[in-house]
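Structural description and commentary
Chain residues, written in single-letter form:
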Amino acid sequence: MSKLLHIDSSGKGNASTTRVLTEYFAKIWKANNRDGVVISRDLLATDLPPVTPEFTGAMFTPADGLTDAQKQALAPSDELVREVLDADTYIFGVPMYNFSVPGVFKLYIDQIVRAGKTFSYANGIPEGLLRNKKLIVVTAHGADYTTSPMKEMDFVEPYLRAIFGFLGVKNIEFVTVAGRDPQVVSDGIELAKRRIDVILAAGIVAQRD
Ligand SMILES: Cc1cc2nc3c(=O)[nH]c(=O)nc-3n(C[C@H](O)[C@H](O)[C@H](O)COP(=O)(O)O)c2cc1C
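Everything quoted here is computed from the prediction, not taken from an experiment.

1. Things to note about the overall build of the chain
- Scanning the chain from N- to C-terminus turns up six helices and seven strands.
- Across the chain, helices and strands are ordered from the amino to the carboxyl terminus as β-α-β-α-α-β-α-β-β-β-α-β-α.
- In summary, the chain has a C-alpha radius of gyration of 18 Å against a globular reference of 17 Å for 209 residues, a match within 12%.
- Overall, the chain is about 55 × 40 × 35 Å in size when its C-alpha atoms are taken along their principal axes.
- Going through the 209 residues of the chain one by one, you find that 30% of them count as buried.
- Long-range pairs, those at least 24 residues apart, make up 75% of the contacts in the chain with a sequence separation of at least 6.

2. Some points on the site of the ligand
- Not every one of the 15 residues close to the ligand is listed here, only the nearest: Ser10, Thr18, Pro95, His141 and Gly142.
- At the level of elements, α1 (17-32) and β6 (134-141) are the ones that each hand at least two residues to the shell around the ligand.

3. A word on the sheet that holds strand β7 (residues 171-178)
- The strand order across the open sheet built from five strands is β2-β1-β3-β6-β7, with neighbouring strands paired in parallel fashion. Each end of this open sheet is capped by a strand with a single partner; those strands are β2 (37-42) and β7. Taking each pair of neighbouring strands and ignoring which way they run, the sheet shows an average axis angle of 15°.
- Pairing analysis gives five bridges linking strand β3 (residues 89-93) to β6, with the strands arranged parallel. What sits directly across from Thr89, in β6, is Lys134.

4. A few points about helix α4 (residues 103-112)
- Taken as a whole, α4 has its buried residues at Val104, Phe105, Tyr108, Gln111 and Ile112. Within α4, the buried residues cover an arc of 115° as seen down the axis, which keeps them to one side.
- In this fold, the buried residues of α4 make contact with α3 (68-86).

5. Things to note about the pairing of β6
- Across the eight residues of β6, eight count as buried, placing the element largely inside the fold.
- What you see with β6 is no split at all: Lys134, Ile136, Val138 and Ala140 on one side and Leu135, Val137, Thr139 and His141 on the other are buried throughout.
- As judged from the eight bridges shared by β6 and β7, these two strands associate in the parallel manner. Bridging across to β7, His141 finds its partner in Ala178.
- After leaving β6, the chain enters helix α5 (residues 157-166) and then returns to the sheet as β7, a path that is right-handed.

6. Structural notes on the pairing of strand β1 (residues 3-8)
- Across the six residues of β1, five count as buried, placing the element largely inside the fold.
- Pairing of β1 with β2 involves six bridges; the strand directions are parallel. Counted as the bridge partner of His6 is Ser40 from β2.
- Between the parallel pair β1 and β2, the chain is carried across by α1, and the sense of this crossover is right-handed.
- Where β1 and β3 come together, five bridges link them in parallel fashion.

Rules and cut-offs
- Residues numbered from 1 in each chain as written.
- Predicted model: local features only at pLDDT ≥ 70, side-chain atom pairs only at ≥ 80, totals over all residues.
- Helix = DSSP H or I, 4+ residues; strand = E, 2+ residues; numbered from the N terminus.
- Rg over C-alpha atoms; globule rule 2.2 N^0.38 Å.
- Buried ≥ 20, exposed ≤ 12 C-beta atoms within 10 Å, placed from the backbone.
- Contact = placed C-beta atoms within 7 Å.
- Near = placed C-beta within 6 Å.
- Pairing = 2+ DSSP bridges.
- Axes fitted to C-alpha atoms, helices over the stretch in contact; angles between N-to-C directions.
- Arc of directions from axis to C-beta.
- Right-handed = clockwise from strand over helix to strand, strands pointing away.

This is the structure in C-alpha cells:
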C-alpha cells in the first residue's frame, strides 16, 4: 500500500502559499491512489523538542539498555522516524524564512536523523536508510534566488538536498513560488499546481532507486 507523508511547516496559517500547494498535492495523490494512506503532519501542532542531553544520551544508548526516562526522551523521535520510514512519497511544505528553513522544520530534521534508523555508519561509511523514496518539496520566498548574488543566499534547497540525500533519498524535486506582489504569487501558485500535475502524472509511486 502506498503511503504519502504530508508535512507543513509554514507559520503563515491560511495566508500560506506552501500549505495551499501541499494540500493540492495530497488531494490529487489520494484521488490517484484510492487505497493509499496520507499521513498529514503540521509541524506547528507537533511536539518537537530541541536536542537535549537526555535526547543525545538516549540516542547513543543500545535499545536494550534504555531507561524509562530515555525511552520517553526518544518517544517523539521514534514516532516521526516510523512515519518517514513507512511512507514512500513525501510532500513537504518548507518556506524560506530568513534564508533558511523554518525553525520547526529544523527541529523536525533533528528528530528524524537517527543513526541505525534513518542512516548507518556501517564500515565507517555513511549510508542513508530512506531507500526508494520520492521527495517533493514545495517552497516559497519573497525574492528571486535563481541567479547570483541571491542564489548564494538560498540555504533552503541546498540544505534539504544535502540532508535528505544523506538519509538516502535520491529522488528529490522542488516546486518553487517566488514573489511578493499578490498577483505574482497567485500566478506562481497556479503555475506550481501545473508542475504538481505533471509530477503526479509521471506515476511517481512506481519509481525505484
Ligand atoms: C519570518 C519570515 C521570514 C522570511 N524570510 C524571507 C527570506 O529570507 N527571503 C525571502 O525571499 N522571503 C522571506 N520571507 C517571505 C516568505 O518566504 C514568503 O512569505 C513565503 O510566502 C513563505 O511561504 P508560506 O506562505 O508558505 O509561509 C519571509 C517571511 C517570513 C514570515
